There are 4 protein chains.
Amino acid sequence: MRVITFFKRSCASTNIFGRKNFSNVGFVGLGNMGGHMARNLLKKGYKLTVYDVNEVAVKSLVKAGAQSAENSGKIAVDAEVVVSMLPSNQHVLDCYTGENGILSSVNKNTLLIDSSTIDPSVSQTVAKQAEQSGALFLDSPVSGGVNAASAGTLTFMVGGVKSNFERAKPILEAMGSRIVYCGDVGMGQAAKLCNNMLLGISMIGTAETFNLGKKLGLDPQVLADIINSSSGRCWSSELYNPVPGILPNVPSSNGYKGGFGTSLMAKDLGLAQAAATRMEAPIPLGALAHQIYRTLIANGQFDKDFSVVYEFLKGHR
Amino acid sequence: MRVITFFKRSCASTNIFGRKNFSNVGFVGLGNMGGHMARNLLKKGYKLTVYDVNEVAVKSLVKAGAQSAENSGKIAVDAEVVVSMLPSNQHVLDCYTGENGILSSVNKNTLLIDSSTIDPSVSQTVAKQAEQSGALFLDSPVSGGVNAASAGTLTFMVGGVKSNFERAKPILEAMGSRIVYCGDVGMGQAAKLCNNMLLGISMIGTAETFNLGKKLGLDPQVLADIINSSSGRCWSSELYNPVPGILPNVPSSNGYKGGFGTSLMAKDLGLAQAAATRMEAPIPLGALAHQIYRTLIANGQFDKDFSVVYEFLKGHR
Amino acid sequence: MRVITFFKRSCASTNIFGRKNFSNVGFVGLGNMGGHMARNLLKKGYKLTVYDVNEVAVKSLVKAGAQSAENSGKIAVDAEVVVSMLPSNQHVLDCYTGENGILSSVNKNTLLIDSSTIDPSVSQTVAKQAEQSGALFLDSPVSGGVNAASAGTLTFMVGGVKSNFERAKPILEAMGSRIVYCGDVGMGQAAKLCNNMLLGISMIGTAETFNLGKKLGLDPQVLADIINSSSGRCWSSELYNPVPGILPNVPSSNGYKGGFGTSLMAKDLGLAQAAATRMEAPIPLGALAHQIYRTLIANGQFDKDFSVVYEFLKGHR
Amino acid sequence: MRVITFFKRSCASTNIFGRKNFSNVGFVGLGNMGGHMARNLLKKGYKLTVYDVNEVAVKSLVKAGAQSAENSGKIAVDAEVVVSMLPSNQHVLDCYTGENGILSSVNKNTLLIDSSTIDPSVSQTVAKQAEQSGALFLDSPVSGGVNAASAGTLTFMVGGVKSNFERAKPILEAMGSRIVYCGDVGMGQAAKLCNNMLLGISMIGTAETFNLGKKLGLDPQVLADIINSSSGRCWSSELYNPVPGILPNVPSSNGYKGGFGTSLMAKDLGLAQAAATRMEAPIPLGALAHQIYRTLIANGQFDKDFSVVYEFLKGHR
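Each value, and the rule that gives it
Residues numbered from 1 in each chain as written. Chains lettered and ligands numbered in written order. Predicted model: local features only at pLDDT ≥ 70, side-chain atom pairs only at ≥ 80, totals over all residues. Heavy atoms only, no water. Disulfide = S-S within 2.5 Å. Buried < 20%, exposed > 50% of the residue type's maximum accessible area, 1.4 Å probe, protein only. UniProt positions renumbered as here; feature names shortened; annotations may be inferred. Helix = DSSP H or I, 4+ residues; strand = E, 2+ residues; numbered from the N terminus. Contact = heavy atoms within 4.5 Å. Polar contact = N/O pair within 3.5 Å; in protein donor to acceptor, adjacent residues only side chain to side chain. Least-squares fit on C-alpha atoms with pLDDT ≥ 70 in both. Expected span 1.5 Å × (residues − 1). Core = buried A, V, L, I, M, F, W, Y, C linked by side-chain atoms within 4.5 Å. Buried area = accessible area lost by both parts, 1.4 Å probe. Salt bridge = Lys/Arg side-chain N within 4 Å of Asp/Glu carboxyl O.

1. Notes on the state of the cysteines
- Scanning the model with the defined rule gives 0 disulfides over all chains in all.
- Cysteine Cys194(A) remains unbridged, with the sulfur of Cys182(A) as its closest cysteine sulfur at 10 Å.
- Residue Cys194(A) is classed as buried on the basis of its relative accessible area of 0%.
- Looking at Cys234(A), it has no disulfide partner, and the nearest cysteine sulfur is the one in Cys234(B), 6.5 Å off.
- Its relative accessible area of 0% is what places Cys234(A) among the buried residues.

Below you can see the structure in the form of structure tokens.
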């Protein structure tokens, strides 16, 4: 395997004079993830203007030192860079291209960094419209979840023009510990969806395998040892095993609480499915993984970590 | 992950006086795998009596120093240990419990080691009948393929009574480099089928993911770097990538020649499916992986490495 | 479509002199189905000798006029025809080929009719052994369920030599209203498994479709009208609709009680899967239908009609 | 089953004075389907103005008596009713809501009938915008294919306000023989996608079943007779059997030529998948059917009738 170069958090986030590279930063979307990310920017000394429909979330950030704006468009008026963290394709479209959206008042050369997880084609659509306004768009979805957002250790998968990526690195390093360049606009999203689709498949596969093994009489710990030193091993079997008691600090050993929720996995698999449909790429296991998570959620397990699929297949009998 | 203890090939294969622990070894099944395994036993100095329906295979081993017998039963008359390597459930049943089979003439305390990959319940059936004859049965399927069989570096996954396993270790070490104890009789088969089912799933998942990524515009090498340092990684993405050109010495970079054939993968998935049906364990992705390999084989790719599923999903258009 | 000829219940069950064509009938397996079938033979005037491991079931039939025997073998000593109705491959093998089994004491030209639903290859194995004893074997699985067994309106799907089929017709007509010749031995089983696999697939498909339609805003009754007059229609949408309230007298309109249980559907799909694996025939949807029923059963719905899959997909939210 | 009322082609298409109910009709989209539909309107005496990007198609209609317009917007200026027949979501959005689109110049109370097969939510989006312009929108996808379009025997599945539906009936009856009201806007699309999803599932299920049956030794004609009088029957087994030679006038008996192409089935399954993802409705078999058609197309069978899946599963070996 070629070694991937990760850009470590470092003094690169300041220029040679020790100052932040951006004086005014806008931030739209202060939910579970965005709230922590914005807070980390404040901690690193950035001057921040924020917007969210949720006024409580806005007030909390203002208390922490941010300014607030009436809408996304107002944020764009003064910002040199705007970061957004929103829940869906439609939210991103509204935030950027809607009335009073960012593109209605953005300045030339403003850097727009969207960290939402959405369809790559929506990122590409927004990027095209941003370009017409003279702004510079990057898609930059994250992995790592709420804990990493809070600790500032997110991974950012970034798509866009390479020089824009270089310009964005310092501010991303203020929120994350791994900043990965994935290619043209949309490729950040593509990389995230691809990784998470394979993750969803291998988690269900691991759950099936360990449930079958146990029913056949295998000790799950012995099976884990064998698989993890053999060709069946994957991240889910090694580091996030869905069988309670195999690994100490994973959701399966804690009642499937915390972690990466089934609803988020189902959302990402739905985005992967939409992308595959558009590209006419067959994804039989990815499509089925999506349906399994949908069925599991319909049967009540919507607030558990995605490794709970082990329990769904094992059943209650 | 707990560290698994692998038993290294060592002087443990001889007793403290430097002698082989078995003076007469029988070997039934001299095919692609068994032929090499038997040859390695000869090389290590074992006195070998062999049987196969294929006379050419028998002659070749006789030339190498083995004796031959008329049938499996004849082999059992004098052997202290018998190793078998056969292609299917029915072959194993015939070889052990059929007329002129091993159990028709086996001695008390003879060690019977079956290295065929079969249904765990068949191993358990044979073991029960062996016990009635006073013989000691171990299931001991292998992984590693023809190359490892030739080099004597197979992995053996062994099920049976622990003391029988200890007694068998030296002779297994003459043919393999990893000897893993998996539990009671049948658990060697169970472990192998579980591992290979998860392997089949993650290989197809990897193929889907890289095909989708490429169609979305991602550079496969960049995607490999991202996934292999993220939660989507698995053995298939890291060490056996199905996209030509990512890794130098894997079948995908050599026209999908060699390696682990689609027919063997389909066979193992069929055995996993049968075991899951019997245990009433749901294996949605495992079942679909089986069907994908069957469809791929029906469409002509029966003589390629199992990573060729990438080409099947990518298509010819 | 060619018209299929069904053999109606008629005086054909007696010969021209008005007598039953068999004077001594044996019956093995007096469970939910077999008990009713045996009782119908008594009602039609057959002299019956029965066997079951369940003594209560035997006593009940004796009270109704049957004689009892110690084991299957004893039944075969005097019978001109033996009917068996057993729950699994293994039960059939034991009943026919085991110690004290039917074949241990069967007479030449005795007609053996197995109405169990099992693997076609097991029927073929038993038939071959029966032939060696000079007996004549037919596989003859049924459809129609407990109600049809009680009413004597079962459908029999029969495989075996045509002249044996003709000889068996009168006694089958005493228990059923449709007697269908399917071809050589095993073809009765093959036909039943094929039909039920397609039934399982189309039931799940119907359930998915109506759940999706309802979520999209369609009135289920309107959707039923449209589909049932279009290319999507199937027996499950027309005559056994899984949506409560569409049809009056089906399990879905009665809390999914009665009907054809999920466990029986899962069993038949498992048999179809085993047959497909052996024949190397890809059955992607059949395999997935099997897994869906297994998952549904694992999640508690093992005692409902198989149309309950609609509720499983719809969920509780 | 409740009887569905189909509105037969009748004098209802003229008012009581024998005149057409619309004097000016616009038509956008003159492809394989739309060309025939427009021609049928001309034949019935409607005054027609047409538009398509393909100038050859336009000229052909002009030759047949239609007038042409520069763009969709120009058509809307004078039309009392506009019919559109376009290949995708994006085409419909552009045609109605784009620059020079229909809604840019539509009059109050103009009836807009979109017969494209698209996502129900796109129909709903367009309908909402049409309402703001005072126009009246109906979604009205068809079934029946090119032959029915040519013969004027299409089925229209219509969604929208009931009184608009009544108003549209005469013009739809000029192009089709069955006009079905499905409910609110989008429900025509929903009904079509639901029907076609179940059709795709049952076709693949039928193909699997007959391939398995044949490999087990069943005569396909015998199997067809059994299934078609049993619970496994569906439209695909009865009227469109995918096994060559079972039925005389279906694509399978003519080299899988003509009929309903695999690409169109894959498109409809993709739309059903997108709708299911949005509604969070699990469609495991529908999703897999989609992937099977995608895989089949990737392997070269893109220009065949969708029953060719039988050949794909049977394979070339």
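On we go.
2. What about the UniProt feature "active site" (unreviewed entry) in chain A?
All names here are of chain A.
- When the UniProt feature table is mapped onto this chain numbering, "active site" (unreviewed entry) sits at Lys192.
- Within the secondary structure, Lys192 is located in helix H8 (residues 187–216).
- On the basis of relative accessibility, which here comes to 9%, the residue Lys192 falls in the buried class.
- Apart from residues lying up to four places away in sequence, Lys192 is in contact with Thr117, Pro141, Val142, Met157 and Asp268.
- A polar side-chain atom of Lys192 sits 2.8 Å from a polar atom in the side chain of Thr117.

3. Here's the deal with the relation of the copies chain C and chain B
- In the superposition of chain C on chain B (RMSD 0.1 Å, axial shift 0.0 Å), the rotation amounts to 180°. In the structure described here, the two chain copies are related by an operation that fits a two-fold rotation axis.
- Most of the interface of chain C is mirrored in chain B: 93% of its interface residues are interface residues there too.

4. Examining helix H8 (residues 187–216) of chain C
All names here are of chain C.
- Over its 30 residues, H8 extends 43 Å from the first C-alpha to the last, a length consistent with the 44 Å expected when each residue adds 1.5 Å.
- Counting buried positions along H8 yields 28 of 30 residues, so the element is predominantly enclosed.
- One or two steps after H8, the chain reaches Gly217, where phi turns positive at roughly 115°.

5. Comments concerning the nonpolar core
- The biggest cluster of nonpolar side chains holds 212 residues, and the ones touching the most others in it are Tyr293(A), Tyr293(B), Tyr293(C) and Tyr293(D).
- Discounting chain neighbours no more than four positions away, the residues touching Tyr293(A) are Gly200(A), Met203(A), Ile204(A), Thr262(A), Met265(A), Ala266(A), Leu269(A), Phe306(A) and Val309(A).

6. Quick look at the interface of chain B and chain A
- Contacts between the two partners involve 65 residues from chain B and, on the opposite side, 65 residues from chain A.
- Around 5800 Å² of area is buried between chain B and chain A when both sides are counted, 68% of it from carbon and sulfur atoms.
- Considering only the side of chain B, the residues that lose the most area to chain A are Leu198(B), Leu216(B) and Leu285(B), jointly responsible for 12% of the buried surface there.
- Across the pair Arg233(A) and Glu238(B) runs a salt bridge, and its minimum N-O distance is 3.1 Å.
- Here chain B and chain A share 14 residue pairs in polar contact (both at pLDDT 80 or more) between them.
- At the level of elements, strand E9 (176–183), helix H8 (187–216), helix H9 (220–228), helix H10 (235–238), helix H11 (262–279) and helix H12 (284–298) of chain B are the ones that each hand at least two residues to the side of chain B that touches chain A.
- Of the residues forming the side of chain B that touches chain A, the biggest block, 21 residues, is contributed by H8(B).

7. Concerning the environment of Phe156(B)
Residue and element names in this part refer to chain B.
- Looking at where Phe156 falls in the secondary structure, it is placed in strand E8 (residues 154–159).
- Here the alpha-carbon distance between Phe156 and Asp303, two residues 147 residues apart in the chain, equals 25 Å.
- Excluding residues that lie within four positions of it along the chain, Phe156 makes contacts with Met37, Ser115, Ser140, Pro141, Val142, Leu172, Met175, Gly176, Arg178, Ile179 and Val180.

8. Things to note about the pattern of salt bridges
Residue and element names in this part refer to chain A.
- Applying the stated criterion across every chain, the model contains 24 salt bridges over all chains.
- Note that Asp119 and Arg278 form a salt bridge whose closest N and O atoms lie 3.0 Å from each other. Taken together, the residues Asp119 in the loop between strand E5 (111–114) and helix H5 (120–132) and Arg278 in helix H11 (residues 262–279) connect sequence positions 159 residues apart.
- Given the relative accessible area of 6%, Asp119 is considered buried.
- The class of Arg278 is partly exposed, set by a relative accessible area of 37%.

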